[in-house]
Structure formats: structure tokens, C-alpha cells
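A structural walkthrough
This is what each chain is made of:
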Amino acid sequence: MMSTQQGKRIHFIGAGNMASAMLRGLVSSGFSPALLSCSAPAETETQRLVDELGIRAAADNLELLTHCDAIVLGVKPQILKAVCEELAPFLASTNRQPLVISIAAGTTTQSIAEWLKQDPDLLPLVRSMPNTPAQVGMGASGLFATPAVKADQKSLVQQIFEAFGIAVWVEDESQLHAVTALSGSGPAYVFEFIKGMADAGVSLGLSPEVSRQLAEATVAGAAKLCAASSDEEISTLQRKVMSPGGTTEQGVRVLQSEQLTATVSRAMEAARDQSLYLAGEGPGPAKN
Ligand SMILES: NC(=O)c1ccc[n+]([C@@H]2O[C@H](COP(=O)([O-])OP(=O)(O)OC[C@H]3O[C@@H](n4cnc5c(N)ncnc54)[C@H](OP(=O)(O)O)[C@@H]3O)[C@@H](O)[C@H]2O)c1
């Protein structure tokens, strides 16, 4: 794989949870460690990735940028401005403009371009919203590209994010609020459901270990079956496990009468509203 994108140099600024997950995915999917690098204040963090993956660590954020094809901004949103301002003189002086990829939640391409002192119409910039299952190679990422991102750069980004899961593009940057509410926050909703199933299994007489194992495997298995049956409606898959007069029918009847889907919908609206609020674009979720 990767035939067209082999040879691309990618530098990560930040070496924390998400950057490490992405780097592990890249190395295990065939990107050459020699072309991957990272920088972060704590040398122990970067050295751990050097030892584990054979990538390079830079002494500072600027050292390895000269020959880079892509720079991943993998720091927390609150220090992104300072990091961008550090990169601005480099971008102003280079005649080989790299693609910039941000993984920072809630920070717009407009702000990033402004901090990098670049024209937002000319800067090739991708804003992404990955999620924590990236740590086990099963992430789900939403991606948005500014108009200056070229087709080969989009394809590099697709390969980077598919190295640790699935990746989808959105046409409009504001749709990243919905991505945040769905896949960004979604792992926590699913944990809530797994916890509910595991606790209920214990109430019904199973040991905590057995109940948790069954709950985890059931959610993972149902998701995999759903993905393998994408030509079928989810409601059809559901009916297939619900024989008339059987046990599943009774369980699903309770979930439906308690309006589980409406509750999920309200949870996602609250997360979307908080995402808008954090971006300074809305009043936040209604408190109830
Ligand atoms: N974790 C998630 O589930 C998730 C999901 C979607 C998006 N994201 C986004 O991913 C980004 C990183 O999150 P994370 O969970 O990976 O955070 P994290 O584990 O705290 O990692 C942040 C990294 O940034 C480094 N850093 C701090 N200041 C720096 C500087 N001036 N120059 C270079 N590196 C610097 C830190 O190094 P030191 O430890 O040495 O300070 C650390 O390696 C955030 O913007 C977040 O919004 C995370």
C-alpha cells in the first residue's frame, strides 16, 4: 500500500495521546519511520516514541521542518496559538510550503491561518476531528480541507487518518460540530451503554468480569456486523435478531418505549451546542 504517498515526510508537533496513536498507526500501516518525526517539550515523551517506533525526535519544533511535506499540530487547543506563532516565521520564509494538519478540537481554520500569519485562501490546511479509539487502530475521524489543499495532499491526509481507523471528509467546516457530537464524543456514549449493560448483567446474577466481557464483545460484535451489512437498513438487522415472541423483542420493546433514540439525539444536540459554545458561536446547551 501507500505507493503514491511513500516518501512523504511528516512532522508531529506534540507527542501526547493522539499524536502517539497516529504515529503508531502510521508505522504499523507501512509509513517509513525514518520519514516520521515529532517534537515536544518533554524529552521522555518523544524518546519513548523514538525507542518504540524508530521515528526521529527533533530538539525543537522547527528543527526538522525544512524538508517536511506535512506538519501535524498535535498539541492542546489552548497552546495551539503559541505553537502557530512559533511556526509563522518558518512558513513565511520557506519556498516549499508544507501541508498543515490540525487535530485540535474546536479551533477554526480561520484562527489557525491567522496565527500562522498566512492567507487562509492560500494555506493548505486540514482540520480534523479524530477520536480516542484511534489508540487501538479503530478511530473515526472527520476531515475538512481548505480550498488550497491539493488532491495529492488530500490523498496523503486520507492515508494518514486511515492508518488508525476510518476517515470521512465534510464539505463545510461547520459540520465538524456534528462530527464532534457524533464520533468525537461518541465513545463516551458507548461506554455509558456498555456500563449499563455490564451493571445490569451483574444485577441479573453474572460476575462483574463475565458481564463486562460480554457487554464489550456484544457492542464490538454488533458494530462489526452492522459495518459488514452496510447494504441493509439497521432496522432490518435489528428485526433479524428479534424473533416474534422471543427475548430480544421484549428487551427492544422497553428501549423503544423509553425512547432511547430520542435520548441519544438530545445527548448529541447538547454536545453539538457545547461545541458551538466553545467555538464562540452559540450560547451553549440548555441547562435542564
Ligand atoms: N485525545 C483525544 O481523544 C482527542 C480527540 C480528538 C482531538 N484531540 C486533540 O488532540 C490534541 C492533543 O490531545 P492529546 O489528548 O493528545 O493531548 P496530550 O496527550 O496532552 O498531548 C499534548 C502534547 O503536546 C505537547 N506540547 C505541549 N506544549 C508544546 C509545545 N509548545 N510544542 C510542542 N509540543 C507541545 C505535550 O508535550 P509535554 O507533555 O512535553 O508538555 C504533549 O506531547 C488536542 O488538540 C485535542 O483537542 C484529542
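Keep in mind that this is a model prediction, so the values were computed, not measured. Counting of residues starts from 1 at the beginning of each chain's written sequence and follows it residue by residue. The predicted origin of the model limits local features to residues at a pLDDT of at least 70 and limits the giving and counting of side-chain atom pairs to 80 or more, whereas totals for whole chains, interfaces and linings rest on all residues. Water and hydrogen atoms play no part in the side-chain values, which are based on all heavy atoms of the structure.

We now examine the overall build of the protein chain. Strands are runs of DSSP state E lasting at least two residues, helices are runs of H or I lasting at least four, and both sets are numbered from the N terminus onward. Regarding its fold elements, the protein chain presents eleven helices and eight strands. Taken along the three principal axes of its C-alpha coordinates, the protein chain extends 70 × 45 × 35 Å. Scored against the burial criterion, the 288 residues of the protein chain give a buried share of 40%. Pairs of residues are marked as contacts when any of their non-hydrogen atoms sit within 4.5 Å. Looking at the protein chain alone, contacts between residues at least 24 apart form 66% of all its contacts between residues at least 6 apart. The distance from the centre of the 21 positive side-chain charges to the centre of the 29 negative ones in the protein chain is 1 Å. Note on exposure labels: buried denotes an accessible area under 20% of the residue type's maximum, exposed denotes more than 50%, and partly exposed covers the range between, all computed with a 1.4 Å probe on protein chains only. Positive: Lys, Arg. Negative: Asp, Glu. His and the chain ends are not part of the count. Taken as the charge location is NZ of Lys, CZ of Arg, CG of Asp or CD of Glu.

Once that is clear, we can look at the packing of aromatic side chains. A pair of Phe, Tyr and Trp rings is counted when the ring centres sit within 6.5 Å of each other, with Trp represented by its six-membered ring. The angle between the planes then sorts it: under 30 degrees is stacked, over 60 is edge-to-face, the rest tilted. Scanning the entire structure with this criterion turns up one aromatic pair. Here Phe 161 and Phe 164 contribute two aromatic rings whose centre-to-centre distance is 5.5 Å and whose plane-to-plane angle is 55°, an arrangement assigned as tilted. With relative accessibility at 0%, the residue Phe 161 sits in the buried group. Think of it as a cone above the ring: NZ of Lys or CZ of Arg counts as a charge over the ring if it is within 6 Å of the ring centre and within 35 degrees of the ring normal. Between Lys 154 and the ring centre of Trp 169, over which it is positioned, the NZ or CZ distance is 4.7 Å.

A few words on the nonpolar core. Each nonpolar core is a collection of buried residues, namely Ala, Val, Leu, Ile, Met, Phe, Trp, Tyr and Cys, held together in the definition by side-chain atoms within 4.5 Å. Counting residues in each nonpolar core, the largest one holds 33 residues, and the members touching the most others are Ile 10, Phe 12, Met 22, Leu 23, Ile 101, Ile 160 and Phe 161. For this core, the elements supplying multiple residues, two or more each, are strand E1 (10–13), helix H1 (17–28), strand E2 (36–39), helix H2 (43–53), strand E4 (70–73), strand E5 (99–102), strand E7 (139–145) and helix H5 (151–162). Considering every element that reaches this core, the biggest residue donor is H1, with six residues. Each residue touching Ile 10, except ones within four places of it in the same chain, is listed here: Phe 31, Leu 35, Leu 36, Ser 37, Cys 68, Ala 70, Val 72, Leu 156 and Ile 160. Among the nonpolar cores identified, the runner-up in size contains 19 residues, and Leu 65, Leu 80, Leu 87 and Leu 123 belong to it.

Here the focus is the pattern of salt bridges. Whenever a carboxyl oxygen of Asp or Glu lies within 4 Å of a side-chain nitrogen of Lys or Arg, that contact is scored as a salt bridge. Tallied over the full model, the rule gives eight salt bridges. A salt bridge links Arg 212 to Glu 216, with the shortest nitrogen-to-oxygen separation between them at 2.6 Å. Of the two residues, Arg 212 and Glu 216 both sit in helix H8 (residues 208–228), four residues apart, roughly one turn of that helix. Judged by its relative accessible area of 32%, Glu 216 falls in the partly exposed class. Across the pair Lys 240 and Glu 232 runs a salt bridge whose closest N-O atoms are separated by 2.9 Å. Accessibility expressed as a relative area gives 59% for Lys 240, which makes it exposed. The exposure class assigned to Glu 232 is partly exposed, which follows from its relative accessible area of 26%.

On to the layout of surface pockets. Only protein atoms enter the 1 Å grid used here, on which a cavity is any set of points holding a 1.4 Å probe that cannot leave and a pocket is any open set flanked by protein within 12 Å on both sides along at least five of seven lines; residues with an atom within 4 Å of a point are listed as lining. Grid points are joined across faces, edges and corners, and a volume is the space filled by probe spheres set on the points. Roughly 2,700 Å³ of volume is contained in the largest pocket. Considering the residues around the largest pocket, the lining is formed by 49 residues, among which Val 190, Phe 193, Val 219, Ala 222 and Ala 223 are closest to the centre. Domain start and stop positions are those given by an automatic or database domain assignment. The residues that make up the lining of the largest pocket include at least three from each of domain 1 (10–175) and domain 2 (184–278). The computed volume of the second largest pocket comes to approximately 760 Å³.

As a further point, take the UniProt feature "domain: Pyrroline-5-carboxylate reductase dimerisation" (unreviewed entry) in the protein chain. UniProt positions are given in the numbering used here, feature names are shortened, and annotations may be inferred rather than shown by experiment. Residues annotated in UniProt with the feature "domain: Pyrroline-5-carboxylate reductase dimerisation" (unreviewed entry) correspond here to residues 173–275. Helix makes up 80% of residues 173–275 and strand 0%, with an end-to-end C-alpha separation of 13 Å.

Next up on the list: the packing of helix H6 (residues 176–184) against helix H7 (residues 186–203). Working convention: axes come from line fits to C-alpha atoms, limited for helices to the stretch in contact. Angles between N-to-C directions cover 0 to 180 degrees. Closest axis-to-axis distance for the H6/H7 pair is 5 Å, and the angle between their directions is 30°. In this view, H6 runs roughly parallel relative to H7, as classed from their interaxial angle. Of the residues in H7, those touching H6 at Ala 181, Leu 182, Ser 183 and Gly 184 are Gly 186, Pro 187 and Tyr 189. The nonpolar class holds Ala, Val, Leu, Ile, Met, Phe, Trp, Tyr, Cys and Pro. Asp, Glu, Lys and Arg form the charged class, and all remaining residues, Gly among them, are polar. Split by residue class, the contact of H6 with H7 holds four nonpolar, three polar and no charged. Our angle categories are set so that under 35 degrees counts as roughly parallel, over 145 as roughly antiparallel, 65 to 115 as roughly perpendicular, and the remainder as oblique.

On to the site of the ligand, then. Here a residue counts as near a molecule or strand whenever at least one of its heavy atoms sits within 4 Å of it. Neighbouring residues of the ligand: 24 residues in total, closest Met 18, Ala 42, Glu 45, Val 75 and Thr 132. By the criterion applied in these results, polar contacts are pairs of N or O atoms within 3.5 Å in which, for protein atoms, one can donate a hydrogen and the other can accept it, and in which residues neighboring in sequence qualify only through two side-chain atoms. Within the backbone of Met 18, one N or O atom sits 2.8 Å away from an oxygen atom of the ligand. Between the ligand and Glu 45, the relevant distance is 2.7 Å, taken from an oxygen atom to a side-chain nitrogen or oxygen of the residue. The method behind every accessible area is Shrake-Rupley, applied with a 1.4 Å probe, and residues are considered shielded solely by the protein chains displayed. Relative to its unbound accessible surface of 900 Å², the ligand loses 78% to contact with the protein. Just a note on the criterion: a molecule sits in a pocket or cavity if more than half of its atoms are within 2 Å of the grid points. Taking a 2 Å distance to the grid points as the criterion, the majority of the atoms of the ligand fall inside the second largest pocket. Only H1 and helix H3 (77–93) provide two or more residues apiece to the shell around the ligand. For the shell around the ligand, the leading source of residues is H3, giving three residues.

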